[in-house]
Amino acid sequence: SYLKLPQVNLSVILANIKIILEFYFPCIINSVCVTGCSFGGRFYSLEDTWHPDLGEPFGVMHCVQCYCEPQKSRRGKVFGKVNCKNIKQDCPDPDCDDPILLPGHCCKTCPKGNHALTQTHHLLLSGFQDPCLKKQTNKARCLVSPSADFVAVLTGVTSSWLPSSSAVARVRFVLTRNSLAFSITYQRMGRPSKIVFLDSDGTTAFEYRVPKGQSDMICGVWKNMAKPLLRQLQSEQMRISMTTSTSRREEVEGKIIKHRALFAETFSSMLTSEEENSGMGGIAMLTLSDTENNLHFILILQGLIKHKDPLLVPIRVQLVYRQHILREIRANITSHDPDFAEVLTDLNSRELFWLSRGQLEITVATEGPDPRQISGFITGRKSCDTIQSVMSSGDALTPGKTGGVGSAVFSLHDNGTLDYQVQVAGLSSDVVGLTIELKPRRRNKRSVLYDLTPEYSKTTGQAVGSWSRLEARHIHMLLQNELFINVATAHSQEGELRGQIKALLYSGLDAPRHELPTPLAGHFVSPPVRTGASGHTWLSVDKQCHLHYEIVVAGLSRTDDITVNAHLHGLAEIGEMDDSSTAHKRLLTGFYGSQAQGVLKDISAELLQHLDQGTAFIQVSTKMNPRGEIRGRVHVPNNCESGTKADTDEVEFDDVYQKDPEELKKDPHTCFFENQHHAHGSRWTPNYDKCFSCSCQKRTVICDPVICPVLTCSRTIQPDDKCCPVCDEKREPKDVKAPDRVEEHPEGCYFEGDQKMHAPGTTWHPFVPPFGYIKCAVCTCKGSTGEVHCEKVTCPALTCSQPVRRNPSDCCKECPEEDRTPAGLEHSDMMQADGPRHCKFGKNYYQNSDSWHPWVPLVGEMKCINCWCDHGVTKCQRKQCPILTCSNITRTDGSCCPECVGEDDDDLMMKASDKRRTLRH
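Residues numbered from 1 in each chain as written. Predicted model: local features only at pLDDT ≥ 70, side-chain atom pairs only at ≥ 80, totals over all residues. Heavy atoms only, no water.

Taking an unreviewed UniProt entry as the reference, the protein is identified by name as Chordin belonging to Amphiprion ocellaris. Under the heading Sequence similarities (unreviewed entry), UniProt records this for the protein: "Belongs to the chordin family." UniProt lists a comment for the protein under the heading Subcellular location (unreviewed entry), and it reads "Secreted". (UniProt positions renumbered as here; feature names shortened; annotations may be inferred.)

### Brief notes about the overall build of the protein
Within the protein one finds 11 helices and 65 strands. Counting all 921 residues of the protein, 45% fall into the buried class. Considering only intrachain contacts with a sequence separation of at least 6, the fraction spanning at least 24 residues in the protein is 56%. Split by element, the accessible area of the protein, about 49900 Å² in all, is 50% carbon and sulfur. (Helix = DSSP H or I, 4+ residues; strand = E, 2+ residues; numbered from the N terminus. Buried < 20%, exposed > 50% of the residue type's maximum accessible area, 1.4 Å probe, protein only. Contact = heavy atoms within 4.5 Å. Areas by Shrake-Rupley, 256 points an atom, 1.4 Å probe, with all protein chains shown as cover.)

### Some thoughts on helix H5 (residues 349-356)
Turning to H5, its buried residues number three or more, namely Glu351, Leu352, Trp354, Leu355 and Ser356. On its buried face, H5 sits against strand S14 (267-271), strand S15 (281-288), strand S16 (295-302), strand S17 (312-321), strand S18 (324-334) and helix H6 (472-479). The N-cap residue of H5 is Asn348: its side-chain oxygen and the backbone nitrogen of Arg350 are 3.2 Å apart. (Polar contact = N/O pair within 3.5 Å; in protein donor to acceptor, adjacent residues only side chain to side chain.)

### A short note on the nonpolar core
Counting 57 residues, the largest nonpolar core has Phe297, Leu299, Val317, Phe340, Val364, Phe410 and Val422 as the members making the most contacts within it. Ranked by size, the runner-up nonpolar core spans 29 residues in total, among them Phe173, Ile184, Val210 and Leu230. (Core = buried A, V, L, I, M, F, W, Y, C linked by side-chain atoms within 4.5 Å.)

### Section: the side chain of Ser392
Of note, Ser392 is situated in the loop between strand S23 (386-391) and strand S24 (405-412). Among the polar contacts listed, one links the side chain of Ser392 to the side chain of Asp395, at a separation of 3.3 Å.

### Overview of the state of the cysteines
Within the structure shown, the criterion is met by 15 disulfides. Here Cys795 is linked by a disulfide to Cys812, with a sulfur-sulfur distance of 2.0 Å. Given an S-S torsion of about -80 degrees, the disulfide between Cys795 and Cys812 has left-handed geometry. Of this pair, Cys795 sits in the loop between strand S54 (787-792) and helix H9 (827-832) while Cys812 sits in the loop between S54 and H9, and the two are 17 residues apart along the sequence. (Disulfide = S-S within 2.5 Å.)

### Thoughts on a negative patch on the surface
Taken together, Asp93, Asp95, Asp337 and Asp339 make up a surface patch of like negative charges. Mapped onto the fold, Asp337 is located in the loop between S18 and strand S19 (340-344). (Patch = residues over 30% accessible without salt bridge, like charges linked within 9 Å, V, L, I, M, F, W, Y side chains within 5 Å. Salt bridge = Lys/Arg side-chain N within 4 Å of Asp/Glu carboxyl O. Lys, Arg positive; Asp, Glu negative; His and termini not counted. Charge placed at Lys NZ, Arg CZ, Asp CG, Glu CD.)

### Section: the pattern of salt bridges
Taken as a whole and assessed by the stated rule, the structure comprises 18 salt bridges. Measuring nitrogen to oxygen at the nearest pair gives 3.6 Å for the salt bridge that ties Glu276 to Arg188. Pair noted here: Glu276 is in the loop between S14 and S15 and Arg188 is in the loop between strand S8 (179-187) and strand S9 (194-198), with a separation of 88 residues, a long-range link. On the accessibility criterion, Glu276 (58% relative accessible area) is exposed. Residue Arg188 is classed as partly exposed on the basis of its relative accessible area, which comes to 34%. Shared partners join several salt bridges into a network, and the residues in it are Asp149, Arg170, Arg172 and Glu265.

### Remarks on the sheet that holds S19
Taken in spatial order, the 5 strands line up as S19-S16-S15-S14-S22 in an open sheet, and their pairing is antiparallel. The open sheet has two edge strands, S19 and strand S22 (379-380), and neither has a second partner. Note: S14 against S15, 5 bridges, orientation antiparallel. Its bridge partner being in S15, Ser269 is matched across the sheet by Ala284. Sheet contacts for H6: S14, S15 and S22; angle to S15, the most-contacted strand, approximately 95 degrees. (Pairing = 2+ DSSP bridges. Axes fitted to C-alpha atoms, helices over the stretch in contact; angles between N-to-C directions.)

### Section: helix H4 (residues 227-234)
Those residues of H4 that sit buried are Leu229, Leu230, Gln232 and Leu233. Looking straight down H4, one finds that the buried residues subtend no more than 160 degrees of arc, so they occupy a single side. Phi turns positive one or two residues past the end of H4, at Glu236, with a value near 60 degrees. (Arc of directions from axis to C-beta.)

### A look at the sheet that holds S54
Spatially, S50-S53-S54 is the arrangement adopted by the 3 strands of the open sheet, whose pairing is antiparallel. Either end of the sheet is taken by a strand with one partner, and the two such strands are strand S50 (763-764) and S54.

### Thoughts on the packing of aromatic side chains
One pass over the structure, following the stated rule, counts 13 aromatic pairs. Between Tyr420 and Tyr450, the aromatic rings sit 6.3 Å apart at their centres with planes inclined by 65 degrees, giving edge-to-face as the arrangement. In this pair, Tyr420 is assigned in strand S25 (residues 418-425) and Tyr450 in strand S27 (residues 445-451), connecting sequence segments 30 residues apart. In textbook terms, an aromatic cluster arises when at least three aromatic residues are bridged by ring pairs, as seen for Phe173, Phe182, Phe197, Phe206, Tyr208 and Trp222. Directly above the aromatic system of Phe617 lies the positively charged group of Arg631, at a separation of 4.1 Å from the ring centroid. (Phe/Tyr/Trp six-rings, centres within 6.5 Å; stacked < 30°, edge-to-face > 60°. Lys NZ or Arg CZ within 6 Å of the ring centre and 35° of its normal.)

### Quick word on the pairing of S8
Along any regular strand the residues' side chains alternate between the sheet's two faces. Among the 9 residues that make up S8, 8 are buried, leaving the element largely enclosed by the rest of the structure. As defined by bridge partners, strand S7 (residues 168-176) adjoins S8 across 9 bridges and the pair is classed as antiparallel. Bridge pairing links Thr176 to Ser179 in S8. Examined bridge by bridge, S8 and strand S11 (residues 217-222) share 6 bridges and lie antiparallel to one another. Within S11, the residue paired with Ile184 across the bridge is Ile218.

### Quick notes on unusual backbone geometry
Omega for the bond connecting Ser526 with Pro527 falls within 30 degrees of zero, at -5 degrees, which places this linkage in the cis form. Inspection of the secondary structure assignment puts Pro527 in the loop between strand S32 (518-521) and strand S33 (534-541). Even without glycine at this site, Asn224 takes up a positive phi of about 55 degrees. Here Asn224 is to be found in the loop between S11 and H4.

### Some thoughts on the environment of Glu515
Mapped onto the elements of the fold, Glu515 is located in the loop between strand S31 (497-504) and S32. In this structure, the C-alpha to C-alpha distance between Glu515 and Val409, residues 106 residues apart in sequence, is 7.6 Å. Residue contacts for Glu515: discarding those within four places in its chain leaves Val409 and Trp538.

### Some details on the environment of Glu342
With respect to the secondary-structure elements, Glu342 resides in strand S19. Overall, Glu342 belongs to the buried group, its relative accessible area being 17%. Separated by 44 residues in sequence, Glu342 and Ile298 place their C-alpha atoms 6.6 Å apart.

### Quick look at the environment of Val221
Within the element layout of this structure, Val221 appears in strand S11. Under the relative-accessibility criterion, Val221 is labelled buried at 15%. Between the C-alpha atoms of Val221 and Ala181, which are 40 residues apart in sequence, the distance is 4.2 Å. The residues touching Val221, leaving out its near neighbours within four places in the chain, are Ser179, Leu180, Ala181, Phe182, Phe206, Tyr506, Ser507 and Gly508.

### Some remarks on the confidence of the model for the protein
Per-residue pLDDT for the protein averages 77, and the proportion of residues at 70 or more is 74%. Contacts from residues 734-746, a stretch scored under 50 in pLDDT, to residues over four places away or in other chains number 17 contacts. The low-confidence segment residues 905-921, where pLDDT is below 50, has 17 contacts with residues more than four positions distant or belonging to other chains. (pLDDT = per-residue confidence, 0-100.)

### So, the pairing of strand S60 (residues 865-870)
Here S60 shows one buried face, formed by Ile865, Cys867 and Cys869, and one open face, formed by Asn866, Trp868 and Asp870. Here strand S57 (residues 851-852) pairs with S60 via 2 bridges, running antiparallel. Residue pairing in the sheet places Ser851 in a bridge with Trp868 of S60. Relative to strand S61 (residues 873-878), S60 is paired through 6 bridges, and the arrangement is antiparallel.

Structure follows, in structure tokens:
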């Protein structure tokens with residue numbers, strides 16, 4: 001007999017099974033796998049944002065926002081990656097004196113009476129939000145975000161006894177590590193001769209002599225800023241002044257400020273006055289909305305509002321075309337904060353056309369008995385950066401490995417015209433299409449904006465011309481790195497090469513970026529290499545016969561690179577075309593990421609002659625192709641017949657590594673140390689001790705003491721910024737004959753263990769994968785031969801009966817110090833001590849019964865949570881807060897618990913302990 005089952009609806013069962021399978025196994029049920037991010041046991045769709053919930057006792061982190069960022073593998077598979085950032089720094093400044101922090105919020109807000117004003121102001125600035133937080137944005141432009149952007153508005157000095165000036169200048173700064181690059185535009189003044197940076201005390205911190213020229217753009221870099229000055233820059237305590245050397249000396253000055261609108265700015269205007277010696281001016285930073293034709297703008301005004309003016313000053317902002325007023329906004333601004341933000345909604349087609357042609361003018365005027373006015377035309381954003389693109393087969397819509405290369409340089413004019421120079425080489429077949437495109441909406445569904453094919457010459461492999469019909473939206477997307485250039489061939493109709501058009505940050509190197517660079521391709525390697533990578537390089541030789549170089553690569557396959565580095569790890573070298581001779585081959589730099597720049601100062605006469613004759617090459621090698629991944633033939637005319645003219649005693653590398661912070665964060669082998677990300681294989685001096693050298697090895701930071709060389713001089717000095725003493729040449733006795741200098745090998749030594757170049761005469765502990773640093777050996781670079789000599793460390797004889805090894809990685813044992821009181825528990829002590837077990841929390845170790853506040857990334861120390869070590873088990877608990885029954889609740893800074901506002905707390909509180917006692921009964 002059969003078991004009799006109750007009658008059920010089969011369709012309901014199947015539907016429920018499908019729901020369960022779709023949740024747990026989406027790739028089985030659906031034809032397209034459902035991708036997203038998993039975080040804290042929950043699943044989020046692509047481009048979702050949320051505040052992470054870390055569970056008890058931490059709770060929801062309202063000041064941290066996580067984003068499920070779409071990623072694409074080389075095989076075209078889309079997956080999600082979680083990125084989280086602290087959003088507290090982006091909170092708007094409330095317009096009230098006593099803002100409050102509401103429960104469940106990150107940012108303080110004004111009480112209900114002023115809340116509407118703050119909300120409106122925040123909406124006006126929404127057009128300038130970090131694009132990386134917007135769902136509709138192209139994430140590619142977030143990858144090139146610099147570490148920090150600053151701006152300064154310079155106007156005539158009014159405090160001087162000299163007549164003020166009507167000149168206005170705008171300075172845009174980009175801070176990368178400790179180098180500050182600046183781009184300066186100016187109006188109504190002659191070409192400046194000197195730029196001076198002033199510290200908080202008004203003294204000169206840095207001076208830049210402006211080279212002569214006809215351009216209205218000044219480009220420069222302040223390298224190696226001292227840390228105290230970096231802190232002043234970050235806290236907006238520095239000023240900048242600019243003077244001319246003409247008979248009528250003019251000076252303009254302004255404060256350097258950090259501004260979040262710079263990241264999204266695509267249009268700008270410099271506002272000047274028609275009055276003589278007015279001493280006033282300003283700038284407008286503008287951007288279009290991502291999806292609508294709304295023009296957001298922020299005004300930074302200087303000198304327009306006088307300190308004697310009343311607290312509120314009415315102003316009138318107009319959008320003008322040939323003296324016809326198109327839009328007008330009236331508002332009140334304060335004399336102590338004259339900045340203003342607004343949005344012009346729904347620009348029509350004519351207004352957008354005039355915007356793209358640089359024909360719209362913005363005017364700002366005060367109203368009253370003594371009206372003042374400044375105005376300026378709106379154009380595309382100006383800077384010293386280079387708009388360029390490297391096209392590779394690895395970045396094509398259907399990635400391949402052809403060994404071909406494409407290179408392009410663009411220049412945007414005020415009237416909206418885009419000049420372009422494009423070159424291609426090493427293609428598998430003839431070019432049939434050369435187009436500027438948008439990011440495809442769907443796979444292989446291209447969106448062509450402009451066709452460059454008619455300008456392409458098969459003979460030269462180049463296309464040179466101008467695109468004169470750029471729309472305002474196109475200019476906006478160009479300056480936000482949202483356009484691409486595609487090369488289609490007879491064998492690859494959809495595209496054999498493709499590259500993103502993006503800005504290359506100005507680095508201060510003397511390289512002619514306005515000219516087409518030298519292409520680098522696997523096609524030029526001998527024998528040719530079929531690779532998906534390509535690149536280009538700019539080179540120049542200065543008057544001192546120093547070689548300036550700048551290299552950009554693209555399309556290197558991360559999945560095919562079997563080295564420990566997930567990103568490009570290349571060695572760039574320069575040499576003559578004859579591979580049989582290595583005498584004139586020089587290592588330029590090893591680099592991480594997609595860019596490398598530097599200066600090579602000690603070049604042989606033979607190599608300079610090959611550069612002059614065009615028989616030299618630039619080559620980038622990788623682990624997969626150590627004999628060359630991509631290469632290019634270079635021709636740099638020069639008059640350096642006898643080699644480098646400058647007196648250089650030793651090799652000096654000024655390499656500037658462009659390490660994109662966003663790329664570093666995504667690399668699984670990156671190290672995070674002292675609030676900074678470091679690339680795998682990199683070395684640096686830590687802030688806590690200059691006598692240590694740290695390196696990053698696969699997410700592990702290893703710090704070793706510096707080994708100082710033995711000095712043969714009789715008198716030494718200890719520089720403040722150095723770890724090791726040096727010879728005091730000034731006080732060295734004159735009758736002591738200096739030993740003859742041994743000619744050092746100019747290239748130094750290459751050590752296979754750490755795969756690095758070491759300067760002549762330096763010593764180091766060898767790095768031997770996979771064991772790491774071997775502290776029982778010391779290697780030395782013999783400068784005369786370029787050979788590495790390693791020998792075992794000789795440990796000193798000890799007199800104690802029970803020597804100890806301080807750290808597990810130390811080579812030699814030491815005698816214990818009997819009177820030594822440990823300031824903290826060492827890692828080795830943790831592993832060997834008897835008695836109660838200790839706890840590890842994060843990277844720290846704690847003794848039994850120790851208590852501490854936990855540290856959470858992106859948030860910092862959680863002072864409202866207490867953790868303690870209980871016999872090897874870490875336990876944490878949030879501080880118990882009283883339960884409030886009032887309706888008006890707020891939270892003050894530094895307080896863990898919410899409080900009642902405006903009521904008697906004693907009457908409204910019931911202690912948590914009383915409530916628990918009630919619940920138990």
